[in-house]
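Breakdown of the fold
The lines below spell out each chain.
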There are 2 protein chains.
Amino acid sequence: MLTIEYDGSGFSGWQRQPGKRTVQGELERVLSVLCGGPVELAGTSRTDAGVHALAQRAAFSGEYGIPTERIGEAANRLLTGGGPGSVGDVRILHVEEVPEEFHPRFGAAGKKYIYKIRNAPAPDVFLRNYCYQVSRPLDAERMRRGALLLEGTHDFRSFMAAGGTPRENTVRTLYRVRVEESPLPEGGAELSLEVRGDGFLYNMVRILTGTLVEVGLGKREPEELPEILKALDRGQAGHTAPPQGLYLAEVYFDKEALFR
Amino acid sequence: MLTIEYDGSGFSGWQRQPGKRTVQGELERVLSVLCGGPVELAGTSRTDAGVHALAQRAAFSGEYGIPTERIGEAANRLLTGGGPGSVGDVRILHVEEVPEEFHPRFGAAGKKYIYKIRNAPAPDVFLRNYCYQVSRPLDAERMRRGALLLEGTHDFRSFMAAGGTPRENTVRTLYRVRVEESPLPEGGAELSLEVRGDGFLYNMVRILTGTLVEVGLGKREPEELPEILKALDRGQAGHTAPPQGLYLAEVYFDKEALFR
């Protein structure tokens, strides 16, 4: 099992697609070279184009001539462009052996996502791929109140994009929905939304975030969130926040760790 | 005269080139739409591909129907992709009227560049386009000693890349060459090299930085720098640090400001 970090800006998402540069595709290509045979990765989360990961997990199995502890460093060398100080946009942080029947998606007890918002009057060109830049002032306290109303077990159908499977069970448990605010030296603030849950519907974190941004802007009341949940209607929730603010931050295989 | 900020990662440098995406090309395209006629920009510094600017300066002249104070905001809207929170990779920070005979390159008294180095054992994929990542430990104190020996008026031919004009006068004055070190929360440090001078040869800051990195790594002594200057030979200086760590930080039109 691999733990992987990537900058999603240059990728058409996680999942392998013909003719497109994807994280799974890049990793499989490099691992196949190293292992001397075709490697197929099973990932935990199919992140969309532009979405980042601090600790995606993925696994593959087979009998190869390369020791497990060498795979990460050797793959990272192949993933880097070359030249002094050259760093790739995907990097293997850790490799470990797991039982063969282990599946990083079905074996996962939950995940943590972080969504980063930069709230300042003037945009920052250097951060355009790394956060959602909101120029009008956000009231973080209102967002916090709204966020707390989303914690718990609910049917999150209102927060599922149309691309999701329509007949799937849309009940999920969010163990934590927290908003942290830190002031920026240049004025304004960075807001960081942490969402931990046992599972997520298609675009769920981005729709949650878009709705909370509307609460922060004063377009909606925090107390509307339970009504939006009850409506079971995507049309009642807010806009879908853009992909570049979203980071897959952690995958939990131990349910206890979700609460810590 | 425009003051412009850009992330150089997605550009083939400042200067207009047919079939390539350049900062000058993008700005001229957008300003020509706004002004309803062809606009030609004269820039202060022809930054290379991958090099960033915090405050590049460029000027154009003509009689147009748009008030000067509206140009920046209107151009920035056209420079942005669109969609919520969408931010472009080049942005006009300020627009001011200057005398028609003013030229932002020949009128400049000097410039300040900043070169950012991340010195930590593990690379950061999110910063790959924004600094030079050096994994082996750098001794900032040695680099500081070397940097001070570069201040003053010298013939910098040893620090000029082959692409420069061979017969040009290669004497320049550096008013300040300073190294600042700040610890990183994850371990290691960020080093920031500030260089102020009345002019710069082709790749000069990147070769200065590469040489000081070799001093920081212990491959060279700080006291070698005067000898390297005296040699007037590019072969005596160190490697050319990569473009992504370099930021054009300020252009001075007032000579006094260079010393402040």
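Preceding this paragraph is the structure being described.
So, a few notes on the structure that sits alongside this text. (Residues numbered from 1 in each chain as written. Chains lettered and ligands numbered in written order. Predicted model: local features only at pLDDT ≥ 70, side-chain atom pairs only at ≥ 80, totals over all residues. Heavy atoms only, no water.)

1. So, the interface of chain A and chain B
In this assembly, 27 residues from chain A lie in contact with 27 residues from chain B. Across the chain A to chain B interface the summed buried area is about 2100 Å²; carbon plus sulfur atoms make up 65%. The largest contributions to the chain A side of the interface with chain B come from Val125(A), Phe126(A) and Arg128(A), which together make up 32% of the buried area. Taken together, chain A and chain B are joined by 4 salt bridges. Mapped onto the side of chain A that touches chain B, the elements with two or more residues apiece are strand 1 (2-6), strand 3 (52-59), strand 4 (90-95) and strand 6 (132-134) of chain A. It is strand 3 of chain A that contributes the most residues to the side of chain A that touches chain B, 3 residues altogether. (Contact = heavy atoms within 4.5 Å. Buried area = accessible area lost by both parts, 1.4 Å probe. Salt bridge = Lys/Arg side-chain N within 4 Å of Asp/Glu carboxyl O. Helix = DSSP H or I, 4+ residues; strand = E, 2+ residues; numbered from the N terminus.)

2. Here we look at the relation of the copies chain A and chain B
Relative to chain B, chain A is turned by 180° and slid 0.0 Å along the rotation axis, the superposed coordinates differing by an RMSD of 0.0 Å. Such values leave the two copies arranged in the relation of a two-fold axis. (Least-squares fit on C-alpha atoms with pLDDT ≥ 70 in both.)

3. Structural notes on the nonpolar core
Side chains of nonpolar character tend, in soluble globular proteins, to be buried together. Ranked by size, the top nonpolar core spans 60 residues in total, and within it Leu27(B), Ile117(B), Leu150(B) and Phe159(B) carry the most contacts. Examining the composition of this core, we find that 6 residues originate from one element, helix 4 (residues 204-216) of chain B, more than from any other. Residues Trp14(A), Ala189(A), Val195(A) and Met204(A) belong to the second largest nonpolar core, which totals 58 residues. (Core = buried A, V, L, I, M, F, W, Y, C linked by side-chain atoms within 4.5 Å. Buried < 20%, exposed > 50% of the residue type's maximum accessible area, 1.4 Å probe, protein only.)

4. Overview of the pattern of salt bridges
The tally for this structure, following the rule as stated, stands at 44 salt bridges over all chains. Close ionic contact of Arg16(A) with Glu40(A) constitutes a salt bridge, the shortest N to O distance being 3.8 Å. Separated by 24 residues along the polypeptide, Arg16(A) in the loop between strand 1 and helix 1 (23-35) and Glu40(A) in the loop between helix 1 and strand 2 (42-43) bring together distant segments of the chain. Take Glu40(A): its relative accessible area is 62%, and that puts it in the exposed class. Residue Arg172(A) pairs with Glu168(A) through a salt bridge whose shortest N-O separation is 3.2 Å. Residues joined by salt bridges that share partners form a network here, namely Asp7(A), Arg21(A), Glu26(A), Arg29(A), Asp89(A) and Arg128(B).

5. Considering empty space enclosed by the protein
Residues and elements named next belong to chain A. Using the criterion set out here, one finds 1 cavity of 30 Å³ or more in the structure. Empty space within the largest cavity amounts to approximately 30 Å³. Considering the residues around the largest cavity, the lining is formed by Tyr115, Ile117, Met143, Val179, Leu191, Ser192 and Leu193. Elements represented by at least two residues in the lining of the largest cavity include exactly strand 5 (110-119) and strand 9 (189-197). Among the elements that make up the lining of the largest cavity, the one with the highest residue count is strand 9 (3 residues). Partitioning the lining of the largest cavity into residue classes produces 6 nonpolar, 1 polar and no charged. (1 Å grid on protein atoms, 1.4 Å probe; cavity = no way out; pocket = protein on both sides within 12 Å on 5 of 7 lines; lining within 4 Å. Points joined across faces, edges and corners; volume = space filled by probe spheres on them. Nonpolar A, V, L, I, M, F, W, Y, C, P; charged D, E, K, R; others polar.)

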